[in-house]
Amino acid sequence: MAEISETFRGAVPLPDLDATARLGAGIAGALRAGDAVALWGDLGAGKTTLARAILRKLGVSEDVPSPTFTIVQAYDTPGLAVSHYDLYRVKQPREMQELGFDDALDQGAVLVEWPERAPEILPPEALHVRLGMQDGARTARLTGPARWESVLAHV
Ligand SMILES: Nc1ncnc2c1ncn2[C@@H]1O[C@H](COP(=O)(O)OP(=O)(O)OP(=O)(O)O)[C@@H](O)[C@H]1O
Ligand SMILES: [Mg+2]
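Bear in mind that the values here come from a model prediction, so they are computed numbers and not experimental data.

Enquirer: How would you explain the pairing of strand 5 (residues 108–113) if you had to name every residue and give the values?
Expert: A regular strand places its side chains on the two faces of the sheet in alternate fashion. In terms of burial, strand 5 is a largely internal element, six of the six residues being buried. Direction of pairing for strand 2 (residues 36–40) relative to strand 5: parallel, over a ladder of four bridges. Along strand 5, the bridge assignment pairs Leu39 with Glu113.

The structure is reproduced here in structure tokens:
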């Protein structure tokens with residue numbers, strides 16, 4: 001796996017969908033071409049919900065379906081192309097080539113559900129978001145390079 005740069009760490013409670021929307025808005029505000037956001041978490045942890053919140057904030061008004069079956073959905077947001085991946089059905093990391101992952105990262109930002117299926121494709125500067133329960137409450141644990149700290153400004 002690519003080395004994970006973890007100079008920034010944060011935890012965000014996500015008690016409801018509004019909290020997820022605020023975190024999504026914070027991530028959207030920091031997102032640039034070449035960025036990857038890895039969305040870790042078990043089935044139903046809230047990965048697609050957070051991806052949707054990021055895309056909404058970037059101006060996507062169309063439906064944002066879970067890409068479980070298509071594996072990738074591409075969006076042209078004003079100023080930034082965003083590809084939303086769900087790698088649950090990916091069996092070999094080399095499939096990512098056919099799925100246009102390198103091009104998507106060259107041309108825009110990528111949001112990746114189930115990154116554990118092909119962790120080595122993530123760039124070292126990726127923001128990692130781990131969705132899960134902490135002390136019985138939904139929480140997002142964030143790690144990545146220091147520049148991602150800005151995502152916490154308004155959560
Ligand atoms: N912060 C939250 N508070 C309450 N409910 C939430 C929150 N985030 C997500 N949910 C709910 O959890 C359910 C599962 O969410 P979601 O589909 O985003 O999970 P997922 O991690 O993408 O699942 P999968 O592994 O199947 O892709 C949805 O009904 C969603 O509305
Ligand atoms: Mg999902």
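After presenting the structure, the write-up continues.
Enquirer: Outline the site of ligand 1, supporting the account with residue identities and numerical values.
Expert: Taken together, the neighbourhood of ligand 1 is formed by 16 residues, with Thr20, Gly46, Lys47, Thr48 and Thr49 sitting nearest. Within the backbone of Ala45, an N or O atom sits 3.1 Å from an oxygen atom of ligand 1. Those elements that provide at least two residues to the shell around ligand 1 are helix 1 (17–30) and helix 2 (47–57). Broken down by element, the shell around ligand 1 gets its largest block of residues, three residues, from helix 2. Here the residues of the shell around ligand 1 sort into six nonpolar, five polar and five charged.

Enquirer: Can you break down helix 1 residue by residue, with the values?
Expert: Over its 14 residues, helix 1 extends 20 Å from the first C-alpha to the last, a length consistent with the 20 Å expected when each residue adds 1.5 Å. Turning to helix 1, its buried residues number three or more, namely Ala19, Thr20, Leu23, Gly24, Gly26, Ile27, Ala28 and Ala30. Buried residues along helix 1 sit against strand 1 (8–13), strand 2, helix 2, strand 6 (127–134) and strand 7 (137–144).

Enquirer: Quick rundown of the coordination of the magnesium ion (ligand 2)? Include the residues and the values.
Expert: When four donors bind a metal tetrahedrally, each ideal donor-metal-donor angle is 109.5 degrees, and when six bind octahedrally, the ideal angles are 90 or 180 degrees. Around the magnesium ion (ligand 2), the donor atoms from the protein are Thr48 (OG1) and Glu113 (OE), and they sit 2.1 to 2.2 Å away. Of this pair, Thr48 sits in helix 2 while Glu113 sits in strand 5, and the two are 65 residues apart along the sequence. A relative accessible area of 14% means that Thr48 is categorised as buried. Residue classification places Glu113 among the buried positions, given a relative accessible area of 2%.

Enquirer: Could you give an account of the packing of aromatic side chains, naming the residues involved and the relevant values?
Expert: Applying the stated criterion across every chain yields a total of two aromatic pairs. Considering the side-chain rings of Tyr88 and Trp114, the 4.9 Å spacing of their centres and the 55° angle between planes classify their relative orientation as tilted. Here Tyr88, found in the loop between strand 4 (80–86) and helix 3 (95–98), pairs with Trp114, found in the loop between strand 5 and strand 6; they are 26 residues apart in sequence, far enough to count as distant. Of the residues examined, Trp114 reaches a relative accessible area of 11% and is grouped as buried. When the ring centre of Trp40 is taken as origin, the NZ or CZ atom of Arg130, which lies over that ring, is 5.4 Å away. Cation over ring: Arg147 sits above Trp148, and NZ or CZ is 4.3 Å from the ring centre.

Enquirer: Quick rundown of the side chain of Ser83? Include the residues and the values.
Expert: If you trace the backbone, Ser83 turns up in strand 4. Relative accessible area serves as the criterion here: at 12%, Ser83 is assigned to the buried category. If we skip the residues at most four places from it in the chain, Ser83 touches Val72, Gln73, Ala74, Ala104, Ala109, Val110 and Leu111.

Enquirer: So what about unusual backbone geometry? Which residues, and what values?
Expert: Positive phi, normally seen in glycine, also occurs at Ile71, with a value near 70°. As for its position among the elements, Ile71 is in the loop between helix 2 and strand 3 (72–77). Residue Ile71 is classed as buried on the basis of its relative accessible area of 11%. Here the phi dihedral of Asp135 falls at roughly 50°; this positive angle occurs in a residue that is not glycine. With respect to the helices and strands, the residue Asp135 is situated in the loop between strand 6 and strand 7.

Cut-offs used in this document
Residues numbered from 1 in each chain as written. Chains lettered and ligands numbered in written order. Predicted model: local features only at pLDDT ≥ 70, side-chain atom pairs only at ≥ 80, totals over all residues. Heavy atoms only, no water. Buried < 20%, exposed > 50% of the residue type's maximum accessible area, 1.4 Å probe, protein only. Helix = DSSP H or I, 4+ residues; strand = E, 2+ residues; numbered from the N terminus. Pairing = 2+ DSSP bridges. Near = heavy atom within 4 Å. Polar contact = N/O pair within 3.5 Å; in protein donor to acceptor, adjacent residues only side chain to side chain. Nonpolar A, V, L, I, M, F, W, Y, C, P; charged D, E, K, R; others polar. Expected span 1.5 Å × (residues − 1). Contact = heavy atoms within 4.5 Å. Donors = N, O, S within 2.8 Å, 3.2 Å for Na, K, Ca; no water. Phe/Tyr/Trp six-rings, centres within 6.5 Å; stacked < 30°, edge-to-face > 60°. Lys NZ or Arg CZ within 6 Å of the ring centre and 35° of its normal.

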